[in-house]
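# Observations on the model geometry
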Amino acid sequence: MPAEHELLCPDSHPLSITCHTPDTPRGVVIIGGAIGVSQQFYQPFAAFLAERNYKAITFDYRGTGKSLDKNRIKGIRLEEWASRDIEAIINWSKTDHLP
């Protein structure tokens, strides 16, 4: 069963993430979606990976999907998706100590 979480980036911007975690994961796969594509689109693929014992993490970039904060929409730059959002997801995923 997928679990939804909210992760705060170091700059306090919230990100919506969904984790598909099998009983005994052998690794982590972070699915960084295409521009303008909600993490919901990737849920079947994440479930497929979890069925094969990989923890699969999907997320919505800042300013999109469930990570949309209407009070903070101005000034969001595409480069922040890589420099802040993906970095925060990678760091968060390391807490499980999986490859």
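Conventions used here
- Residues numbered from 1 in each chain as written.
- Predicted model: local features only at pLDDT ≥ 70, side-chain atom pairs only at ≥ 80, totals over all residues.
- Heavy atoms only, no water.
- Salt bridge = Lys/Arg side-chain N within 4 Å of Asp/Glu carboxyl O.
- Helix = DSSP H or I, 4+ residues; strand = E, 2+ residues; numbered from the N terminus.
- Phe/Tyr/Trp six-rings, centres within 6.5 Å; stacked < 30°, edge-to-face > 60°.
- Buried < 20%, exposed > 50% of the residue type's maximum accessible area, 1.4 Å probe, protein only.
- Core = buried A, V, L, I, M, F, W, Y, C linked by side-chain atoms within 4.5 Å.
- Contact = heavy atoms within 4.5 Å.

Before going further, it helps to spend a moment on the pattern of salt bridges. Tallying each qualifying case throughout the model produces five salt bridges. For Asp-11, the salt bridge is made with Arg-62, and the minimal N-O distance between the two is 2.8 Å. Taken together, the residues Asp-11 in the loop between β1 (3–8) and β2 (14–20) and Arg-62 in the loop between β4 (55–60) and α2 (78–93) connect sequence positions 51 residues apart. As a salt-bridge pair, Arg-52 and Glu-51 come within 3.4 Å of each other at their nearest N and O atoms.

A few words now on the packing of aromatic side chains. Enumeration according to the criterion identifies three aromatic pairs in this entry. Residues Phe-45 and Phe-48 carry aromatic rings whose centres are separated by 6.3 Å and whose planes lie at 15 degrees to one another, so their mutual orientation is stacked. In this pair, Phe-45 and Phe-48 are both assigned in helix α1 (residues 43–51), three residues apart and thus about one turn of the helix distant. Given a relative accessible area of 42%, Phe-45 falls into the partly exposed group. Between Phe-59 and Tyr-61 the ring centres are 4.9 Å apart and the planes differ by 75 degrees, which places this aromatic pair in the edge-to-face class.

We now examine the nonpolar core. In terms of nonpolar packing, the biggest core is built from ten residues, these being Leu-7, Cys-9, Leu-15, Ile-17, Cys-19, Ile-57, Phe-59, Tyr-61, Ala-88 and Ile-89. Contributions of two or more residues to this core are made by β2, β4 and α2. In terms of residues, this core owes the most to one element, β2, which gives three residues. Counting residues in each nonpolar core, the second largest holds five residues, with Ile-31, Tyr-42, Ala-46 and Leu-49 among its members.

This part covers the environment of Pro-2. Structurally, Pro-2 is set in the segment before β1. With relative accessibility at 40%, the residue Pro-2 sits in the partly exposed group. Apart from residues no more than four positions distant in its own chain, Pro-2 is found in contact with Thr-18, Cys-19 and His-20.

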